[in-house]
Structures are given as C-alpha cells and as structure tokens.
Amino acid sequence: MMALQRILCLGLLYHGVIARLSGSGPTAPAAEQQHILSNSAPRKGLHGRFLHITDIHPDEFYKVHSSTDEDDGCHKGEGPAGPYGAETTDCDSPYSLVNATFDWIEANLKDKIDFVVWTGDTARHDRDDDLPRTQDQVLGTNTWIADKFAEMLRNEETGHGMSIPVVPTFGNNDILPHNILLPGPNKWLQTYTHIWRHFIPEAQRHSFEFGGWFHVEVIPNRLAVFSLNTLYFFDRNAGVDGCENPSEPGFKQLEWLRVQLEFMRERGMKVILMGHVPPARTDSKKLWDETCWQKYTLWLHQYRDVVISGMYGHMNIDHFLIHDTHDVDIAFLNGLSPEFGVREYLDDELTVQAGTDYLMELRDDWSKLTPPTVPGKSNEVNQDGKKGRTRKPKRKDPWGERYVLSLVSPSIVPTYFPTLRVVEYNISGLENTPLWRDMPGNGAKNSSHPASAPSAPQKHLDLRSLSPIDDLSDSFENVETDKKKKKKGGKRPKKDKKPHDPNLVVPPPPAKTSPPGPAYSQQPLSLTGYTQYFANLTHINNLNLTDLNSVEPTTTNSLFSLLQSSKSWLMKWRKGKNGGKKPLTPKPDPREFAFAVEYSTFNDKIYKLGDLTVNSFVELAYRIGQKAKGKSLVEMAGDEEVGDVEEEHDCDESDFESDSDSDDEEMEAEAKKGDKKKGDKKKKGKKGDKKKKKKGKKNKIWLHFLSHAFVGTLDKSELKRYS
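The protein is annotated in an unreviewed UniProt entry as Endopolyphosphatase from Podospora pseudoanserina. Among the UniProt annotations of the protein, the heading Sequence similarities (unreviewed entry) holds the following wording: "Belongs to the endopolyphosphatase PPN1 family." Reading the Catalytic activity (unreviewed entry) entry of the UniProt record for the protein gives the comment "[phosphate](n+1) + n H2O = (n+1) phosphate + n H(+)".

Visitor: Before we go on, may I ask you to explain the overall build of the protein in this structure?
Guide: Each helix and strand counted, the protein has 18 helices and 16 strands in total. By the burial criterion, 56% of the 723 residues in the protein qualify as buried. In the protein, once contacts between residues fewer than 6 apart in sequence are set aside, the share between residues at least 24 apart is 81%. Only carbon and sulfur atoms are counted for the fraction: they give 50% of the accessible area of the protein, which is about 33,000 Å².

Visitor: What exactly am I supposed to notice about a negative patch on the surface here?
Guide: Taken together, Glu70, Asp71, Asp126 and Asp129 make up a surface patch of like negative charges. Locating Asp71 in the fold gives a position in the loop between β1 (49-53) and α3 (95-108). Accessibility expressed as a relative area gives 64% for Asp71, which makes it exposed.

Visitor: Before we go on, may I ask you to explain the nonpolar core in this structure?
Guide: A general tendency of soluble globular proteins is for nonpolar side chains to be buried together. With 153 residues, the main nonpolar core has Trp118, Phe149, Trp196, Phe320, Ile322 and Leu359 as its most contacted residues. For this core, the element with the highest residue contribution is helix α4 (residues 135-152), accounting for eight residues. Ignoring sequence-local partners within four residues, the contact set of Leu359 consists of Ile317, His319, Trp702, Phe705, Leu706, Ala709 and Phe710. Judged by nonpolar contacts, the second largest core, of six residues, contains Tyr62, Ala81, Ala86 and Cys91.

Visitor: Sorry, what's going on with the sheet that holds strand β3 (residues 166-168) here?
Guide: Within a sheet, each strand pairs with its neighbour through backbone hydrogen bonds, oriented either parallel or antiparallel. Taken together, the six strands give an open sheet; going across it, the order is β3-β2-β1-β12-β13-β16, and neighbouring strands pair in mixed fashion. The strands lining the two open edges of the sheet, one partner per strand, are β3 and β16 (596-600). Each strand axis lies, on average, 25 degrees off the axis of its neighbour in the sheet, ignoring direction. By the bridge criterion, four bridges tie β1 to strand β12 (residues 419-425) in an arrangement that is antiparallel. From the neighbouring strand, Phe50 faces β12, where its bridge partner is Val423.

Visitor: How should I be thinking about the pattern of salt bridges in this particular structure?
Guide: Two side chains carrying opposite charge are able to pair once their charged atoms lie near each other. For the structure shown, the criterion picks out 17 salt bridges. The partner of Glu290 in a salt bridge is Arg281, and the shortest N-O contact between them spans 2.8 Å. When sorted by exposure, Glu290 lands in the same class as Arg281, which is buried. Arg304 is paired through a salt bridge with Glu401; the nearest N and O atoms lie 3.7 Å apart. Placement of the pair is Arg304 in the loop between α8 (290-302) and β8 (307-312) and Glu401 in the loop between α10 (352-366) and β11 (403-408), with a sequence separation of 97 residues. In terms of burial, Arg304 and Glu401 fall into one category: buried. Overlapping salt bridges, with partners in common, bring together Glu106, Lys110 and Glu156 in one network.

Visitor: Honestly, the side chain of Arg258 in this entry has me stumped. Any pointers?
Guide: Counting through the fold element by element, Arg258 comes out in helix α7 (residues 249-267). With relative accessibility at 15%, the residue Arg258 sits in the buried group. In contact with Arg258, other than residues within four places in its own chain, are Trp299, Tyr303, Val505 and Pro507.

Visitor: Even after reading the chapter, I still don't get the packing of α3 against α4, so can you show me in this structure?
Guide: Contact geometry for α3 and α4: axes closest at 11 Å, N-to-C directions at 20 degrees. Looking at the two axes, α3 sits roughly parallel to α4. Between α3 and α4 lies a crossing of right-handed hand. Across from Tyr95, Val98, Asn99, Phe102, Ile105 and Glu106 in α3, the residues of α4 making contact are Thr141, Trp144, Ile145, Lys148, Phe149 and Met152. Among the residues forming the contact of α3 with α4, the class breakdown is eight nonpolar, two polar and two charged.

Visitor: Would you take a moment to explain α8 for this structure?
Guide: Residues spaced three or four apart along an α-helix face the same direction, because each turn holds 3.6 residues. Between the first and last C-alpha of α8 there are 18 Å, a value that for 13 residues agrees with the 18 Å anticipated at 1.5 Å per step. Within α8, 13 of the 13 residues are buried, which leaves it mostly tucked inside the rest of the structure.

Visitor: Just checking my understanding: could you explain unusual backbone geometry for this structure?
Guide: Among all residues save glycine, negative phi is the norm, and among peptide bonds the norm is trans. Residue Pro177 is reached from Leu176 by a cis peptide bond, and omega for that bond is -15 degrees. The topology assignment puts Pro177 in the loop between β3 and α5 (187-195). Following Gly184, the chain continues to Pro185 via a peptide bond in cis, the omega torsion being 0 degrees. Note that Pro185 resides in the loop between β3 and α5. Unusually for a residue other than glycine, Thr88 sits at a positive phi of about 60 degrees.

Visitor: Is there a simple way to think about the packing of aromatic side chains in this case?
Guide: To describe a pair of aromatic rings, one takes the distance between the centres and the angle between the planes. This model, assessed by the stated rule, comprises 34 aromatic pairs. Seen in terms of ring centroids, Trp104 and Phe595 are 5.2 Å apart; in terms of plane orientation they differ by 55 degrees. Their pairing is tilted. On the criterion of sequence distance, the pair formed by Trp104 in helix α3 and Phe595 in the loop between β15 (581-583) and β16 is long-range, its members being 491 residues apart. Exposure class is identical for Trp104 and Phe595. Each is buried. Look at Phe226 and Trp256: their rings are 5.5 Å apart centre to centre, the planes differ by 45 degrees, and that puts the pair in the tilted class. Highlighted residues: Phe226 in strand β5 (residues 223-227) and Trp256 in helix α7, separated in sequence by 30 residues. Grouped by ring-pair contacts, the aromatic residues Phe102, Trp118, Phe149, Phe170, Tyr192, Trp196, Phe199, Phe208 and Phe214 constitute a single cluster. One Lys or Arg, Arg281, reaches over the ring of Trp293 and ends 3.9 Å from the middle of that ring. The ring of Tyr530 has Arg421 sitting right over it, with the charged end atom 4.0 Å from the ring centre.

Rules behind the numbers
Residues numbered from 1 in each chain as written. Predicted model: local features only at pLDDT ≥ 70, side-chain atom pairs only at ≥ 80, totals over all residues. Heavy atoms only, no water. UniProt positions renumbered as here; feature names shortened; annotations may be inferred. Helix = DSSP H or I, 4+ residues; strand = E, 2+ residues; numbered from the N terminus. Buried < 20%, exposed > 50% of the residue type's maximum accessible area, 1.4 Å probe, protein only. Contact = heavy atoms within 4.5 Å. Areas by Shrake-Rupley, 256 points an atom, 1.4 Å probe, with all protein chains shown as cover. Patch = residues over 30% accessible without salt bridge, like charges linked within 9 Å, V, L, I, M, F, W, Y side chains within 5 Å. Salt bridge = Lys/Arg side-chain N within 4 Å of Asp/Glu carboxyl O. Lys, Arg positive; Asp, Glu negative; His and termini not counted. Charge placed at Lys NZ, Arg CZ, Asp CG, Glu CD. Core = buried A, V, L, I, M, F, W, Y, C linked by side-chain atoms within 4.5 Å. Pairing = 2+ DSSP bridges. Axes fitted to C-alpha atoms, helices over the stretch in contact; angles between N-to-C directions. Parallel < 35°, antiparallel > 145°, perpendicular 65-115°, else oblique. Left-handed = near helix turned anticlockwise from the far one by under 90°. Nonpolar A, V, L, I, M, F, W, Y, C, P; charged D, E, K, R; others polar. Expected span 1.5 Å × (residues − 1). Phe/Tyr/Trp six-rings, centres within 6.5 Å; stacked < 30°, edge-to-face > 60°. Lys NZ or Arg CZ within 6 Å of the ring centre and 35° of its normal.

As structure tokens, this is what we get:
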C-alpha cells in the first residue's frame, strides 16, 4: 500500500515534469541553450538558472609579462604572465581578468539567472614572502568583489537594492592566517557581516556574527540556499576541533542546520547547500573532520526529501562526490567505536600530481558501486550481471537514496582555465511564483557605487590577537536520543556497555509515504543540467614566446615535453606549461576576452546525463570506475615510454565519441562474471596475448572525465597516459 501511495505521488510530480519538458526549457539541447542565453529578451518570471562562481583570488600585485617561477609568482621578473592571467600556474588572478569576467557576466548572464552562488576564496594566496598578505588586503578585495556584485545586479526598476540574490561564503584564504578561523563571535565575522550586508538577510545578521552561517530564500517559500561555514568543518583549521563537542562551532552549525532543515520540511520547501571546502573523502584522505563528515552525511540522508544538492569550490578541478550513507557509523558518533581507518589530510590545494592520485582514488571507489536499475529499461544490467528485464525487480533502493551528491566547480583563478558554471533547474508550476526582489526587505537603499578597482584600503581592527567571546553552548539544550528499543520475542533488550552520547540527536527520516525528493527524481526544483563556460587564456593572451636563453621563438607547448626536462608542473609550485619562457614583444597584444562553452550536460554524448539526479551520477561514476587501475602522472613521467609523445593537438569530444557506446557494452559485459569456463584460462600463445592487449583498451569515459577535470588544459596525448 505504501509503495502504491509513493507511485501516485510520483505520478503527480511527473505530470508537471512532462509538461515542462515538452516546451523549450532547461532540458533543451546545448546549442539551443546557448541561443537562449545569448539572444532571449529578459523575462520577469523565473528563468530556471543560477550562476556558480568560485575561487576568484584577485591579486593587486600581478604584473603582465612577469615570471611564473616560484620566487617571482607573477609579481616580478620576466616571463610568460599574460594580460588576463597565467594559465596552468599557481599565480593568482589579475584585476583585468576579474573585471573582464564581471563584464561578460553582465552582458551575457545577468538577466537570465535567478540567483548567484559564490563559494569563496576572494583574496590572493599568501605565497610571496616579499609581499605578505595583510588584513586590509584580504578584506579589501572581498569588499571590492561584493560591491561589484551589488552594482552589477542593482534593481534598475527601483533604483536601489538588488534584482537577484547573491549567496556568499568564506574561503580558507579569506581570513588571516589562512585556514584558521576561531569560534565566533569575532571581528572577522563582524566585518564580513558589513561586507556582505547586501546579501545576508537582516534577520540573520546577528546569528551570522555568531558562526558565519545563514540562508537565503532565493525563491520565497519554495527554495532556500544555505551558506555553510565549512572552515569549522575543515580538518586544517587548528582553531577548532571537529563536530562532536557541543562547545565547538562545528557542532553548533550542524545543530543549526538540523533545526533549519526540519523547519524547511514543515514548510514544504527545498534546499541547496553550498560552502567552500567540499566534503571530499576517500579511503585514505579527507578534507573534513570525520565527525563533521559523518553528521553531515547523516543529516542529508535523513532530510533527503528536502536537500537538492551541495555546491562547493576550493579544489579548482571539475568533479563530483558521491557520499555513501552506509559509511555513516552511528556507534562512532555515539562514542562507542573509534574511527574506522586513518585518513590523512588531503592536500590543501591540489597539484596535478595530487589531483591525479585523488581522482584515481575516487575512481577506485566508484568501480565498486552498484549501477542503478531503471524500471522498464529492457537493456539494463541487473545486480546479477544478466541483461534484460527481471520478472519482479527487488532492488531495495531504486532511486539511489543510499547516496548523497556534491558538485565541485572549477575556479576563476587560472590554475587551469577560468571557469563559470550555469546550473539549470526545473521550474514546472512555478511560473507565477513571487520573486525574491518583490519581497519586502530584500535590498538595502544604501547600496554603494564602487569603482572598477578597489578603493584605498580601510583600516580594520587587529584580528589576529582577538580571542573568541565566552562559550555560548548553553544556548543549545542537551537533548538525549531515544533509547527505547523494541522488544523481540518478549526478551528484554541488552544494556549498552557505554551510554549513548546525549548530545547526538538523529533527525527523523521522511515519511514512508512521501515520494523521493528532488535530488532523486525529476520534479519542480530538481537540477536538470549545467553548462560550463571557460576562458581559453592561451588563445586570449596571444603570447608569442621564446625560451629565456634563446632568441628563436618556440611553439612547443606540450606538457610531456616539459616533463622530460622538468617535473615542476607536478610539484608544489606550478610555473605552467609556458614556464621558463618570455614574450618576444614588450607590448601585450591580447585578443578579445570572452567565455565560451566548454561542455554542457544537456548534450554531452560521453557523459549521457539525462539530468543531475543522484542516480544519473551513480551510473556515470560506475561507468567511469571500470578498469580503474592506472598510474599517477608522476609515475608515468618516469616511464621510458613517455619519450614517445604523439603530435600535440587539442582534445575534442569527437576523439572519444566513436568509442563511447563500445565502452558501455564492455562494462556491461564485465558485469557478467563467471560465465566463461575455467578451461578458457589455460589458452596460451599469440592469440591469448592479443586478447590481453584488447583488454587494455582505454576507458573513454574516464579520459573524458579527466579532460573536464583539468578544464581542457591537457591534450589527447597527455590524457591517454592516465589510463
């Protein structure tokens, strides 16, 4: 009966979805999407799109044609630093890149999005010993970018306030020293309350000073975006200690999140979570404290009818995370068992070497996933490895509710290429919904009018020596978990050897009769896809380079030619593919700056993502995870075979397209284990050797994933070394 009720609920949801898909909307082909974003006239209702922008890292000391070496950092010397940034290096963003990015957003996206998710790191890195960061610089660039958003999105109808909401969050470089944020209230939080006065709802500013978290109803009474202060979850923050003790800000933030998600459930609202540091976790590495990761994953599982997805930045590489709720250990959260295994710190910011190894670990995890079954699909591969529809599917989790999804977007700072992401969501039945700008109290009348660059730095109170104010944990009640256990066979339940943690409150799950949430089945507010834009700085900067010790120009730009002479690309400091070169002409001659479509999930023939629901990503992850064993880039750099490099050319989707279907067939065949006779294993000779070579065929989906992970900065020859 409960299953029938759930199906009926889904039918009502799909009725709206089908109506939406029948017209031009978020699920249109990518070419059509481009046309809509470029030429359609502004509309007054919802657009079904939002912008995700992250890791801008403006650098006021960036110098064009300076050196990208570690000792110079694009601040001095002579080298290949371009007019709009030094791609594939550890240099930060010049102001020219920041201004050009905002100009492009204003011209192409401003009137076609409903809100902005801005996931932090809006100050330069502290990498130059000759130019140590100051608090005025950190707060100055954050103020500049906040004011640029406020000016660009000013409500032109009223002359004050903003037309759409912007939801910001802290990055680990938005404070001093970087990574370290003490419990609030403190002067950092108080200062950001003022900097983000355009964005934080007035009613939440006091609580923001307490912990740096807040939420915005970007679609009133329908959708809220929660800004999480992930620095209190970050394992590198030595100023706090996880999420287990009620006195810790991480514990308090998760309690706030639990209470707010319950309130959203009662109101029938849905939620997008966002933060800077993602909850990345593999078998050997992690970014969050384990107690924070465990609670966060448990919360999202229990509120799977409310939470749509998580949006994060920090790592600069384009990828996604699938959190398995089977890894949640209630006994660990109750203090009854130690943490299973020891996970090391994941590198604060990933080099190519660390990024490769990290993605390899994710791939190994994904190879163990069970591919989702789609009801009614005749060519599905079931859990037994047999193709075809089963008589009575007995899958316990057809919607993938065991898993939780996080999306990690690449950055504006040109660690690879500058990137923007426009995410689309289903607005079926929301055509007449009141907008954020129409609600009273949204937008202040004292909007500032910033110039195209930061004004003179203002003086701020000394934040380093500030101690946190007295502990405020008394404001939270210590609530005991329900210890009652059902009696089985009249027997009395055994007492635990140790008492449960009285501070752990496990949230209630969705009602058994409720349908799957928007993260798991298409319905209003579900994410339908995204289009990723990038700025090809190699083309835009238009540099004519030569070796520093040579007068002849060089066009060699291959990663592996650099590997043969130097492994600096892979090490702690990246001087880039053009490292060790200088421009032939003293005057920069850049081409016109513009973002272009890198790829779109709506028509990507390799990813084949029908939407951004959890099952779609579980299926994609399973396909990526096949044939998961490979070498890291550093290991491959030491191989003799690296000398045989194919002629350099750009990586194109067509290079992979012809083999994508065959890869799917191979992976389906791999699921059929045990069909071959043991005698087949005894075959020897040349024929057997040929078969072994065929089994070494590269997984084109994995190569495609890597190409996007590094935002197209690796060509086809380089990518093939990964698999």
